Amino acid sequence: MVLQSPSNAQHLLLPVHPYTFPSLPSSDPLRVLPLLSGSEAMFSQQPQDLVVVAGQPVTLPCSIPGYNGVVLWIKDGLALGVGRDLSGYPRYTVIGDHSTGEHHLRIQRVELMDDAIFECQAIQAAMRSRPARLTVLVAPEDPVISGGPVVSLRAGDPLNLTCHADNAKPAASIIWIRNGEVLNGAMYSKTLLRDGRRESTVSTLYLSPTNMETGQQIICKASNKAVPNGKETSVTIDIQHLPLVNLSVEPQPILEGNLVKFHCSAKANPPVTLYRWAKGGSVIKEVSGDTYEVIVDHSFFTEPVSCEVTNALGSTNISRNVDVYFGPRMAAEPQSLQVDLASDAVFNCAWTGNPSLTIVWMKRGSGVVLSNENILTLKAVRQEDAGKYVCRAVVPRVGAGEKEVSLTVNGPPTISSTQTQQALHGEKGQIKCFIRSTPPPDRIAWSWKETVLESGTSGRYTVETVSTEEGVISTLTMSNIVPADFQTIYNCTAWNSFGSDTEIIRLKEQGGSQGPKPGSTLLFSTEYKHRYPMVYLMMVL
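Here the structure is a predicted model, which is why all the values come from computation and not from measurement. (Residues numbered from 1 in each chain as written. Predicted model: local features only at pLDDT ≥ 70, side-chain atom pairs only at ≥ 80, totals over all residues. Heavy atoms only, no water.)

How would you explain the overall build of the protein chain if you had to name every residue and give the values?
On a plain count of helices and strands, the protein chain comes out with three helices and 45 strands. The buried share of the protein chain, reckoned over its 541 residues, is 40%. A separation of at least 24 residues holds for 64% of the contacts in the protein chain among residues at least 6 apart in sequence. Of the roughly 28800 Å² that the protein chain leaves accessible, carbon and sulfur atoms contribute 51%. (Helix = DSSP H or I, 4+ residues; strand = E, 2+ residues; numbered from the N terminus. Buried < 20%, exposed > 50% of the residue type's maximum accessible area, 1.4 Å probe, protein only. Contact = heavy atoms within 4.5 Å. Areas by Shrake-Rupley, 256 points an atom, 1.4 Å probe, with all protein chains shown as cover.)

Next up, the structure:
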């Protein structure tokens, strides 16, 4: 392909100087002879400025009708040969009808070295053609994108693409194309090669993380006048990322004791290399795939199951708790308390359960709800507050549980005895004194008339003390009841570090149809019987 030079091509010409031809022997045919003047021969065709792509043929015309002398072709001031003998230039040939004065220069496969100024000279006619600039265009080599054909990068990282288009004349222009659209903002640089004619072009394109997607194809297209349609190459964007993981749990909710399936689905680039499962931070060694099946209990509600997925870039860990329905389980067990009289008593009882549970505090034997919170506070306790308390938790439609604790109140002794007790005349008789005391009584004494007896035997009288779970029973036994015993006032007194209590007891003669029979419960109230069953049994026997 031969391109005609633009109209201003003369501005690109190197200056051509006239040659002088000294007299030389005819044995030196390659030297240019002096030009002659006054010849009638004329050029009918002269070489013109041409632009040609390297590798294409080109013909520079030269016709001098009627001239039969020697014609020389001059390249950048040097003769190529004499007449048609261009043996030193195998790609060069003089063609045309010599007899009609045609001396055209034919160049096969134009090369960069042919980029020069050519002249046709008629030696004997002392004529020279106008200088003709042959401009050789060189297409760039195939462009190359560094790192191609696939460019990998981590998600979130920017990308700099570099494309080289080398050894072109003139320098190649480079554009970047994506999805048919030219991308702007590339930076360019050009380097002149050592031959002073060809150039290499480098273009760098910056792509932000938000301006690219994996699988996209980016084209680098290089062109110059030699290849106006351009040459192109491309790279594929490969955005690599840690595994993107989703952990599903089916079914949910579920009652403990049933089977649950965990499925760990992951998208990763590069591909997944490892699955690892754990529960509550402990690795489950027997599972290695993307699915885990297990019969769940209450621990799955608080100890999450995690799936860790690994690829060449690293690992992603995701965890899920299971919505397991289970009955109340004690998280903080309440403790029995021993407090001083008028102090506060605070019980703490914590349960876990699913769904949400209800907590109820009650005193054993009473239907009164004292609290629905984990904490039960009894302000300024009295001795009658002592007893058993129950913390009960209920998970609707699942189950219930309870825990019992005791409250012991430190205070002065409390004597609970029937003020009138019975005996038979002439028989052995007993009167009993029941003492409730926390701490236990330091001293218990019976007194009547001028006698005080704490323990042991004095005359007809014997004092015995027995401890039970509910208190202390002190018994005053008289070996032979006499009438005066029914007239005597008996005093039972108990002491501890908080104080004392006293109960006055009288002895009534038992007999006749109007008196209660031995073992009668008429002396004790129903509340007393239920509150102190062991004492009641011992006192009525």
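Explain the packing of aromatic side chains to me, using residue names and the numbers behind them.
Given two aromatic rings, their pairing is described by the distance between the two centres and the angle made by the two planes. Taken as a whole, this structure holds nine aromatic pairs when the rule is applied. By the ring-pair criterion, three or more aromatic residues cluster together here, those being Phe262, Trp277 and Tyr292. Sitting above the plane of the tryptophan 495 ring, arginine 443 keeps its charged end 4.4 Å from the centroid. (Phe/Tyr/Trp six-rings, centres within 6.5 Å; stacked < 30°, edge-to-face > 60°. Lys NZ or Arg CZ within 6 Å of the ring centre and 35° of its normal.)

Mind laying out the side chain of threonine 310, listing which residues take part and the relevant values?
Among the structural elements, threonine 310 can be located in strand S25 (residues 305–311). A polar side-chain atom of threonine 310 sits 2.7 Å from a polar atom in the side chain of serine 315. When near neighbours in sequence (up to four residues on either side) are disregarded, threonine 310 contacts Pro243, Pro271, Val272, Thr273, Leu274 and Ser315. (Polar contact = N/O pair within 3.5 Å; in protein donor to acceptor, adjacent residues only side chain to side chain.)

Quick one: what's the story with the environment of isoleucine 481, residue by residue and with numbers?
Mapped onto the elements, isoleucine 481 comes out in the loop between strand S43 (472–478) and strand S44 (489–496). Residue classification places isoleucine 481 among the buried positions, given a relative accessible area of 1%. It is 9.9 Å that separates the C-alpha atoms of isoleucine 481 and leucine 507, two residues lying 26 residues apart in sequence. Not counting the four nearest positions on each side in its chain, isoleucine 481 is found in contact with Ala423, Leu424, His425, Gly426, Glu427, Lys428, Gly429, Arg460, Phe486 and Leu507.

Which residues make up the side chain of serine 474, and what values do they have?
Considering the arrangement of structural elements, one finds serine 474 in strand S43. Polar side-chain contacts of serine 474 include one of 2.8 Å to the side chain of tryptophan 446. Once residues within four sequence positions are removed from consideration, serine 474 is found in contact with Ile431, Lys432, Cys433, Ile435, Ile444, Trp446, Val463, Glu464 and Thr465.

Summarise the sheet that holds strand S37 (residues 420–423); cite the residues concerned and give the values.
Within the open sheet, the five strands sit side by side as S37-S45-S44-S39-S40. Their pairing is mixed. What marks the edges here is a single partner per strand, and that holds for S37 and strand S40 (451–453). Strand-to-strand, the axes of this sheet are offset by a mean angle of 25°, without reference to chain direction. (Pairing = 2+ DSSP bridges. Axes fitted to C-alpha atoms, helices over the stretch in contact; angles between N-to-C directions.)

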